[in-house]
Amino acid sequence: MAVYGYARVSTTDQNLTVQEEALRAAGCDVIRTEKVSGTTRNGRAELETLLQFLRPGDTLMVTRVDRLARSIADLQDIVRELEAKGVALKATEQPIDTGTAAGKAFLGMLGVFAEFETNIRKERQLEGIAKAKAEGVYKGRKPSINTAELMALKAEGLGATEIAKRLGIGRASVYRILGADA
């Protein structure tokens, strides 16, 4: 029976030191860390390695539940995996211990709040983009396809496949531009 730690930050300029120190102080000998968004499990290789490695009787320790998952669905999936393996989940900064009924209830509530926070952040971001677009400040990404060059190749009688090959773009992009000009 061992205690394994998992620490995560969302961006590469954030620091993992505080989480690592808290996990070591909580008795973790092995700590897996990664710098990746917690909104999905995709691309979280360290978490997947840890989940595969854990054995019955082990404990997975995090500092806060939002380090483990930012969506209630992902959190529930991870907790189900841990329970199926006979692994407990604990947090150093929150009263989470899936070995107790109160710990499970608190975990569920924190998961809901973590997902709520993520959704609110997305809404604020979309509102900011809409406002910037309305003010003419945000115009999106610059076009990566030279439409004039594409139209010149079409005028030479080339088909969509050959145009796509010459410009290094997808055929669907060629059809989309040609359809917009039709």
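In case you missed it, the structure is sitting above this.
Report follows, based on the coordinates. (Residues numbered from 1 in each chain as written. Predicted model: local features only at pLDDT ≥ 70, side-chain atom pairs only at ≥ 80, totals over all residues. Heavy atoms only, no water.)

## Quick notes on the packing of helix H2 (residues 45-53) against helix H3 (residues 72-85)
At a minimum axis separation of 10 Å, H2 and H3 run at an interaxial angle of 25°. Judged on the interaxial angle alone, H3 and H2 are roughly parallel. Here Leu47, Leu51, Gln52 and Phe53 of H2 come into contact with H3, specifically with Ile78, Glu81, Leu82 and Lys85. Looking at the contact of H2 with H3 residue by residue, the classes come out as five nonpolar, one polar and two charged. (Axes fitted to C-alpha atoms, helices over the stretch in contact; angles between N-to-C directions. Helix = DSSP H or I, 4+ residues; strand = E, 2+ residues; numbered from the N terminus. Parallel < 35°, antiparallel > 145°, perpendicular 65-115°, else oblique. Contact = heavy atoms within 4.5 Å. Nonpolar A, V, L, I, M, F, W, Y, C, P; charged D, E, K, R; others polar.)

## Notes on the nonpolar core
Of all hydrophobic cores here, the largest spans 22 residues; its most connected members are Leu60, Leu68, Leu75, Leu82 and Leu89. With five residues, H3 is the largest single contributor of residues to this core. In this view, Leu89 contacts Leu60, Val62, Leu68, Val79, Leu82, Ile96, Asp97, Thr98 and Leu107; residues no more than four positions away in its chain are not counted. If you look at the next biggest cluster of nonpolar residues, it comprises ten residues, including Leu150, Ala160, Ile163 and Leu178. (Core = buried A, V, L, I, M, F, W, Y, C linked by side-chain atoms within 4.5 Å. Buried < 20%, exposed > 50% of the residue type's maximum accessible area, 1.4 Å probe, protein only.)

## Structural notes on the pattern of salt bridges
One pass over the structure, following the stated rule, counts eleven salt bridges. The partner of Arg41 in a salt bridge is Glu48, and the shortest N-O contact between them spans 3.0 Å. We classify Glu48 as partly exposed; its relative accessible area is 26%. One salt bridge in this structure joins Asp97 and Lys90, with 4.0 Å as the shortest N-O distance. The class of Asp97 is partly exposed, set by a relative accessible area of 22%. (Salt bridge = Lys/Arg side-chain N within 4 Å of Asp/Glu carboxyl O.)

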